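Descriptive analysis of the structure
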Amino acid sequence: MNMSLPKIQVLAKPKLATCALTGCFGCHMSLLDIDERILELIDLVDLDVSPLDDKKSFDGLVDVGFVEGGCSNEYNVRELREFRKHCRILVSVGACAINGGVPAMRNTIGLKECLEAVYLRGPTIEDGGLIPNDEDLPLLLDRVYPSHEIVKIDYFLPGCPPSGDAIWEGLKALLTGHIPNLPYELFKYE
Ligand code: SF4
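Residues numbered from 1 in each chain as written. Predicted model: local features only at pLDDT ≥ 70, side-chain atom pairs only at ≥ 80, totals over all residues. Heavy atoms only, no water.

A short note on the packing of helix H2 (residues 37-44) against helix H6 (residues 164-176)
Between H2 and H6, the least distance of the axes is 12 Å, while the angle of their chain directions is 20°. Judged by the inter-axis angle, H2 sits roughly parallel to H6. Here the hand of the crossing between H2 and H6 comes out left-handed. Mapping the contact onto sequence places Arg 37, Glu 40, Leu 41 and Leu 44 in H2 and Asp 165, Trp 168, Leu 171, Lys 172 and Leu 175 in H6. Classifying every residue of the contact of H2 with H6 gives five nonpolar, no polar and four charged. (Axes fitted to C-alpha atoms, helices over the stretch in contact; angles between N-to-C directions. Helix = DSSP H or I, 4+ residues; strand = E, 2+ residues; numbered from the N terminus. Parallel < 35°, antiparallel > 145°, perpendicular 65-115°, else oblique. Left-handed = near helix turned anticlockwise from the far one by under 90°. Contact = heavy atoms within 4.5 Å. Nonpolar A, V, L, I, M, F, W, Y, C, P; charged D, E, K, R; others polar.)

Side note on the environment of His 28
Mapped onto the elements of the fold, His 28 is located in helix H1 (residues 26-32). With a relative accessible area of 4%, His 28 lands in the buried category. In this structure, the C-alpha to C-alpha distance between His 28 and Cys 96, residues 68 residues apart in sequence, is 12 Å. In this view, His 28 contacts Thr 18, Cys 19, Ala 20, Ser 50, Pro 51, Leu 52 and Glu 68; residues no more than four positions away in its chain are not counted. Among the polar contacts listed, one links the side chain of His 28 to the side chain of Glu 68, at a separation of 2.9 Å. (Buried < 20%, exposed > 50% of the residue type's maximum accessible area, 1.4 Å probe, protein only. Polar contact = N/O pair within 3.5 Å; in protein donor to acceptor, adjacent residues only side chain to side chain.)

Re the site of the ligand
Taken together, the neighbourhood of the ligand is formed by Gly 23, Cys 24, Gly 26, Cys 27, Glu 68, Gly 94, Ala 95, Cys 96, Gly 159, Cys 160 and Pro 161. Among the elements of the structure, H1 and helix H4 (95-99) are those that each provide at least two residues to the shell around the ligand. In terms of residue class, the shell around the ligand is made up of six nonpolar, four polar and one charged. (Near = heavy atom within 4 Å.)

Some thoughts on the sheet that holds strand S7 (residues 155-157)
The parallel open sheet is built from five strands, whose spatial order is S2-S1-S3-S5-S7. Pairing within the sheet leaves two strands with one partner each, and these edge strands are strand S2 (46-47) and S7. For strand S3 (residues 62-68) and strand S5 (residues 87-93), the ladder comprises six bridges, and the chain directions are parallel. Across the sheet, the residue bridging to Gly 65 is Leu 90, located in S5. With respect to the sheet, helix H3 (residues 74-86) is in contact with strand S1 (15-20), S3 and S5, its orientation differing from that of S5 by roughly 135°. Against the sheet, H6 engages S1, S3, S5 and S7, with an angle of about 155° to S3. (Pairing = 2+ DSSP bridges.)

Description of a nonpolar patch on the surface
On the surface, a cluster of nonpolar side chains totalling about 300 Å² of accessible area is made up of Met 29, Leu 32, Leu 47 and Leu 52. In this fold, Leu 52 is placed in the loop between S2 and S3. Assessed through its relative accessible area of 32%, Leu 52 is described here as partly exposed. (Patch = residues over 30% accessible without salt bridge, like charges linked within 9 Å, V, L, I, M, F, W, Y side chains within 5 Å. Areas by Shrake-Rupley, 256 points an atom, 1.4 Å probe, with all protein chains shown as cover. Salt bridge = Lys/Arg side-chain N within 4 Å of Asp/Glu carboxyl O.)

This is the structure we're talking about:
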């Protein structure tokens, strides 16, 4: 049985991109939790589009893309589709990307009811409140969608957030074509 993942064929240093959709940015913080291995990461990959380096647009394809967060508004959907187009391998990282996570708690009630509860009937609302309606605000979707319901996802890395060790192991496995060593301890949630 072939126990290795397809190795990424690249001549130059592989490129990693990350994007943050509807989440708390904790998965990106967890990526930084790899501590001194960040120096190895710099040797291993070039960081492309990412909130970590504030690069906003792609110059071409990247080898691996990490998505944090689900899609709660039309802007998220556009960003995720654009991101997918530029990533050879796309990984859904963390509960929000994989199943909507905490933001998807609003899926249990309708969007209208949700907006009214927050903006019209919230405990700090005075004078009847007002639901924001500005053309610069992205339109909210009827519910929060996990990333794989919007685009094709190649791999999933669960956790809230996945630990820095799990992210490191998953990324290294993708870049080297090995099966990741992800023991139960790395995915044990308190
Ligand atoms: S999965 Fe957890 S840590 Fe990651 S963005 Fe969602 S809430 Fe934050």
